[in-house]
Amino acid sequence: SARKCATAPCRAMVRPGSGSAAGRCEACDEAFHIFTCMWGQVQLLRLCTLLCRNHVTLLEWLTSTGCGASTMLLSSLMCVVVPDEATISAAICSSLASTWAALPGEVDSGGMFELLVHVNLLAGLAWSLMTGRPACEGWAASGPSIRCLFSLVFFFTALARLNRDYHDTGKSATVALWLSTADALCARLRIPPRCVDALGDRVWHVALRVCLLGVEVAGLAVPLLLWQGHVVPGLGLAWMFTFALASTAAFDFSCLLVATMPFWVPPQNVLVLRWMTLASPARLGALAVGAALLGPAMLQRSGTQRNARLASVAWLFAAHPLPYLLASTGVASLAVPSMGAQLCAGELAQQAVGASSWGFVHLVSGLTVAAAVLNGAAPYLGLKTQATWSVLSNLQVEGGVTNHMLIPAWTQIFGYAAECVTITKSNVPLLQEQHTIVGGTSRLSVFRGFAERNCVQAGIHTGAALCGELPEEEGDVIMPYTIPLVELRRLISAQTMPLLQEFFVEYTHCGAPHRFEVQHGVPTKGSDSRLAEVPPWAVRKLLAFRSTAAAPHVARSSSGGGGWESSDEAQGLA
């Protein structure tokens, strides 16, 4: 179905004098420029999110990361102002460098997906450059693998939800998200709590269970519909999921997913998005929004995440896939009225894919798809738990056990998540702020009585580094919490000891209390020497693990980038 979609006939326009379908397609070029502009808009939104999560100002970020940060910011702006192959190549390269430098702790599920998509885009553009073909053909050549990556994200997200805790209305992170959202909406509409209580707890329980089951069925339907070639209902459901995800700290991930949806349609259909990308008012508006978001971040460390979330929601509505999914060739032909119609885009895309199928692009596509499968299956293999596309799923694989209904614990052949420790006390800021809980029953107003009577856990456990600025009224940093021993080793040996000469960490391992202390840069006698040993490069750079609540009755692990949780939101909203 991916190849069929990539080679779908496109009644596009050929420049005068080209003489054949092999000539450069004006409509395909414009579709590529529209995609480039959309990608630049998304990169600006993700940049704002990056500043919020790292708690730094724009000036601090530009100063600390050097010329790479300046290149990333400038290339994203240029993608909006002058969208072409040069600007998107610069944006992709700068983003790849930034993402690689941030691995593993500061890259969520969106970062992992973005990393793999960028590798494919760069391979397609490099292939078109090396063979002298137009950039739009390289864009088409990378389409099948990007569509596969898109489907895999939704497949592994649905797979992670097949666990016992997800369908428990008292523990489900999805229920906690729904309650907090509904409570805020009802409070804004001034609906009193007695109206909620009047319906009865049983009615709400049944409604929540039906909604959980509906989300699970719809989540499984998205990849199945897309793989069977039913693009319209598949992308329609996918957009609904991404819009719901925009209400969490993963709102930038939502925009990233929607920005890859044009790969599922023929190029000429994308021309209907010209009004929000290439049109002069759209460019000026995008630059104005970028200035409004980055301006406050220039000198202060807070105040941009809420505005960035609102901008993301507006962008999601503007980039809704329905207009270009239903666009006819007649609508596309009106975009370039001075040209004669001729079937060219389908032939060009077919040539591009065919010429590269057994070459460079095909090899890169195979490697990235294999990496995506490994990343999504990592929790079930005991390989890692953060940024694994299991957002808000309640998946738990720590401690050598699992709550998944289909995949048993013995499949965790790597065992990195099996040995866990509970952090009880530390003077290291990185460890003190490692685990947070967003929301909670005490912060509900309309649904508070329902949550208290039914012991519903209305808070979502997540990583502080992935939440950005967290106001006191929205959540708390908590301790103790549980974390795999290999993750504690990485945090201490690779991130704490190079910066601090004196610190301590108290933790419980196998039921016994332990204390790791460093004085004058050297571990004291009695400290576990393993925590001072820097892990191998691959473990240190590619594997990351989320923290979970220490007390079993408050744990809400959704496993997860990348990607967040103890629900996958905690995992990087991963």
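Quantities reported herein were computed from a predicted structural model and do not represent experimental measurements. (Residues numbered from 1 in each chain as written. Predicted model: local features only at pLDDT ≥ 70, side-chain atom pairs only at ≥ 80, totals over all residues. Heavy atoms only, no water.)

Novice: What exactly am I supposed to notice about the overall build of the chain here?
Specialist: A count of helical and extended segments in the chain gives 23 helices and eleven strands. For the chain, the residues scored as buried account for 54% of the 574 residues in total. In the structure as shown, the chain presents an accessible area of about 22900 Å², 65% of it carried by carbon and sulfur atoms. (Helix = DSSP H or I, 4+ residues; strand = E, 2+ residues; numbered from the N terminus. Buried < 20%, exposed > 50% of the residue type's maximum accessible area, 1.4 Å probe, protein only. Areas by Shrake-Rupley, 256 points an atom, 1.4 Å probe, with all protein chains shown as cover.)

Novice: Looking at this structure, how should I read a nonpolar patch on the surface?
Specialist: A cluster of nonpolar side chains, contributed by Leu74, Met78, Val81, Val82 and Leu287, occupies part of the molecular surface with about 360 Å² of accessible area. In terms of residue count, the dominant contributor to the nonpolar patch is helix α4 (residues 67-81) (three residues). (Patch = residues over 30% accessible without salt bridge, like charges linked within 9 Å, V, L, I, M, F, W, Y side chains within 5 Å. Salt bridge = Lys/Arg side-chain N within 4 Å of Asp/Glu carboxyl O.)

Novice: What exactly am I supposed to notice about α4 here?
Specialist: End to end, α4 covers 21 Å across 15 residues, agreeing with the expected 21 Å (1.5 Å per residue, within 8%). The set of residues buried in α4 consists of Ala69, Met72, Leu73, Ser75, Ser76, Cys79 and Val80. Projected onto a plane normal to the axis of α4, the buried residues spread over an arc of 165 degrees and lie on a single side. In α4, the exposed residues that point more than 90 degrees away from the buried face are Cys67 and Leu74. (Expected span 1.5 Å × (residues − 1). Arc of directions from axis to C-beta.)

Novice: What is the right way to read the nonpolar core from this model?
Specialist: Nonpolar side chains in soluble globular proteins generally cluster together in the buried interior. Counting 98 residues, the largest nonpolar core has Phe113, Leu121, Phe150, Phe253, Trp315 and Trp389 as the members making the most contacts within it. Residue contacts for Phe113: discarding those within four places in its chain leaves Leu149, Phe150, Val153, Phe253, Leu256, Leu257, Thr260 and Trp389. Ile423, Tyr481, Leu488 and Phe503 belong to the second largest nonpolar core, which has 17 residues in total. (Core = buried A, V, L, I, M, F, W, Y, C linked by side-chain atoms within 4.5 Å. Contact = heavy atoms within 4.5 Å.)

Novice: Is there a simple way to explain the environment of Arg306 in this structure?
Specialist: Mapped onto the secondary structure, Arg306 falls in helix α15 (residues 305-318). When the C-alpha positions of Arg306 and Leu293 are compared, they lie 9.7 Å apart, and in sequence the two are 13 residues distant.

Novice: Explain the sheet that holds strand β3 (residues 420-426) here, please?
Specialist: Pairing between sheet strands relies on hydrogen bonds along the backbone, with the strands arranged either parallel or antiparallel. The sheet built from six strands is open, its strands ordered β10-β9-β8-β3-β7-β11 with antiparallel pairing. Each edge of the sheet is formed by a strand with only one pairing partner; in this case those strands are β10 (522-523) and β11 (548-549). With seven bridges connecting them, strand β8 (residues 503-509) and strand β9 (residues 512-519) associate as antiparallel partners. Looking at β9, one finds that Phe504 is bridged to Glu517. Where helix α22 (residues 485-496) meets the sheet, its contacts fall on β3, β7 (481-484), β8 and β9, and the angle it forms with β7 comes to roughly 85 degrees. (Pairing = 2+ DSSP bridges. Axes fitted to C-alpha atoms, helices over the stretch in contact; angles between N-to-C directions.)

Novice: Explanation requested: the environment of Ser280 in the structure shown.
Specialist: Structurally, the position occupied by Ser280 is in helix α14 (residues 280-297). Distance from Ser280 to Val81, taken between C-alpha atoms, is 9.3 Å for residues 199 residues apart in sequence.

Novice: I keep staring at helix α9 (residues 173-188) and nothing clicks. Help me out?
Specialist: A turn of α-helix holds 3.6 residues, and therefore any two residues three or four places apart point the same way. Taking 1.5 Å of rise per residue, 16 residues should cover 22 Å, and α9 covers 23 Å from first to last C-alpha, within 8% of that figure. Taken together, the buried positions of α9 are Ala173, Thr174, Val175, Ala176, Leu177, Leu179, Asp183 and Cys186. Where α9 is buried, its residues meet α11 (201-227), α21 (448-453) and β5 (459-463). Looking at where α9 begins, the residue whose side-chain oxygen comes 3.3 Å from the main-chain nitrogen of Thr174 is Ser172. Phi for Arg190, located one or two positions after α9, is positive at around 60 degrees. (Polar contact = N/O pair within 3.5 Å; in protein donor to acceptor, adjacent residues only side chain to side chain.)

Novice: What am I meant to see in the packing of α11 against helix α12 (residues 231-245) here?
Specialist: When two helices pack together, their arrangement is given by the angle between their axes and by how far apart the axes lie. With their axes 8 Å apart at the nearest point, α11 and α12 run at an angle of 135 degrees to one another. Between α11 and α12, the angle falls in the class oblique. The crossing of α11 and α12 is left-handed. Where α11 approaches α12, its residues Val215, Ala218, Gly219, Ala221, Val222, Leu225 and Leu226 are matched on the opposing element by Val231, Pro233, Gly234, Leu235, Leu237, Ala238 and Phe241. Classifying every residue of the contact of α11 with α12 gives twelve nonpolar, two polar and no charged. (Parallel < 35°, antiparallel > 145°, perpendicular 65-115°, else oblique. Left-handed = near helix turned anticlockwise from the far one by under 90°. Nonpolar A, V, L, I, M, F, W, Y, C, P; charged D, E, K, R; others polar.)

Novice: So what exactly am I meant to see when it comes to the pattern of salt bridges here?
Specialist: Note that side chains of opposite charge can pair when their charged atoms are close. Tallied over the entire structure, the rule returns 15 salt bridges. Residue Glu216 pairs with Arg161 through a salt bridge whose shortest N-O separation is 3.4 Å. Here Glu216, found in helix α11, pairs with Arg161, found in the loop between α8 (143-160) and α9; they are 55 residues apart in sequence, far enough to count as distant. Comparing Glu216 with Arg161, the two get one shared label, buried. Asp528 serves as the salt-bridge partner of Arg530, at 3.0 Å between the closest nitrogen and oxygen. Its relative accessible area of 37% is what places Arg530 among the partly exposed residues. Put simply, Asp197, Asp201 and Arg453 are held in one network by salt bridges that share partners.

Novice: Help me understand the side chain of Asn269, please; the structure alone is not making it clear to me.
Specialist: With respect to the helices and strands, the residue Asn269 is situated in the loop between α13 (251-259) and α14. Exposure remark for Asn269: the relative accessible area of 5% places this residue in the buried category. Only 3.0 Å separates the side chain of Asn269 from the side chain of Gln268, close enough to count as a polar contact. Ignoring any residue separated from it by four or fewer positions in sequence, one finds Asn269 in contact with Tyr324, Leu325 and Ala327.

Novice: How should the packing of aromatic side chains be read in this particular structure?
Specialist: How two aromatic rings sit relative to each other is set out by the distance from centre to centre and by the angle between their planes. Scanning the model with the defined rule gives 17 aromatic pairs in all. Residues Phe155 and Phe156 carry aromatic rings whose centres are separated by 5.2 Å and whose planes lie at 75 degrees to one another, so their mutual orientation is edge-to-face. You can call Phe155 partly exposed: its relative accessible area is 29%. These aromatic residues form a ring-pair network of at least three members: Phe32, Phe35, Trp39, Trp139 and Phe263. Geometry around Trp264 places Arg147 over its ring, the cationic atom sitting 6.0 Å from the centre. Against the face of Trp100 rests Lys541, its NZ or CZ located 5.6 Å from the ring centre. (Phe/Tyr/Trp six-rings, centres within 6.5 Å; stacked < 30°, edge-to-face > 60°. Lys NZ or Arg CZ within 6 Å of the ring centre and 35° of its normal.)

Novice: Looking at this model, I keep getting lost on the side chain of Glu517. Mind explaining?
Specialist: Turning to its location among the elements, Glu517 is positioned in strand β9. A distance of 3.0 Å separates the side chain of Glu517 from the side chain of Gln519, its partner in a polar contact.

Novice: Explanation requested: the pairing of β9 in the structure shown.
Specialist: Looking along a regular strand, one sees side chains alternate from face to face of the sheet. The turn linking β8 back onto β9 is made up of two residues, and Cys510 within it adopts a positive phi angle of 55 degrees. Between the antiparallel neighbours β9 and β10 lie two residues, among them His520 with a positive phi of about 55 degrees.

Novice: Before we go on, may I ask you to explain the packing of helix α6 (residues 109-131) against helix α19 (residues 360-381) in this structure?
Specialist: Running from N to C, α6 and α19 point in directions that differ by 175 degrees, and their axes come no closer than 9 Å. Here α19 runs roughly antiparallel to α6, going by the angle between their axes. Listed contacts from α19 to Met112, Leu116, Val119, Asn120, Ala123, Gly124, Ala126, Trp127 and Met130 of α6 are Phe360, Val361, Val364, Ser365, Thr368, Ala371, Ala372 and Asn375. Considering only residue class, the contact of α6 with α19 consists of twelve nonpolar, five polar and no charged.

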